[in-house]
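Chain and residue survey
What follows is each chain in one-letter form.
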Amino acid sequence: MKRTLAKVTFFAAVLMMLGGCATVEQVNEARALAESAQAAANAAAAAADSATAAANQAADAASAAQAAADAANACCSENSSKLDRMFEKAMQK
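Structure report, in brief. (Residues numbered from 1 in each chain as written. Predicted model: local features only at pLDDT ≥ 70, side-chain atom pairs only at ≥ 80, totals over all residues. Heavy atoms only, no water.)

On to the overall build of the protein chain, then. A count of helices and strands for the protein chain gives two helices and zero strands. Here the protein chain, with 93 residues, has 6% of them falling under the buried criterion. Carbon and sulfur atoms form 63% of the exposed surface of the protein chain, whose accessible area is close to 7,500 Å². (Helix = DSSP H or I, 4+ residues; strand = E, 2+ residues; numbered from the N terminus. Buried < 20%, exposed > 50% of the residue type's maximum accessible area, 1.4 Å probe, protein only. Areas by Shrake-Rupley, 256 points an atom, 1.4 Å probe, with all protein chains shown as cover.)

Right, let's talk about the state of the cysteines for a bit. One pass over the full model with this rule turns up zero disulfides. Cysteine cysteine 76 is unpaired, with the sulfur of cysteine 75 as its nearest cysteine sulfur at 7.4 Å. (Disulfide = S-S within 2.5 Å.)

To continue, consider the pattern of salt bridges. Within the structure shown, the criterion is met by one salt bridge. Its salt-bridge partner being lysine 82, residue glutamate 78 comes within 3.6 Å of it at the nearest N-O pair. Within this pair, glutamate 78 and its partner lysine 82 are both found in helix α2 (residues 24-92), separated by four residues, close to a single helical turn. You can call glutamate 78 partly exposed: its relative accessible area is 46%. (Salt bridge = Lys/Arg side-chain N within 4 Å of Asp/Glu carboxyl O.)

These results come straight from atomic positions and should not be treated as a statement about function.
In structure tokens:
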């Protein structure tokens, strides 16, 4: 954000030096350009923050799903073991 503003300000200053003395209108144009760049940078930062929050929520959901899948797998293994023992017991009779 600050870097973009600094670049725009530097660019505006160079243009003023090359063009001679700047008029109030030119200074206002440069200021408006810098403010526009700042607004765009702020919007980009807000979008990045929003995307980060969404990614964190997705990661949390994925972790919960993994935990549920692990629990289901453990239950399935336990049930398979029980069935195997029951089958062995039935075969012994």
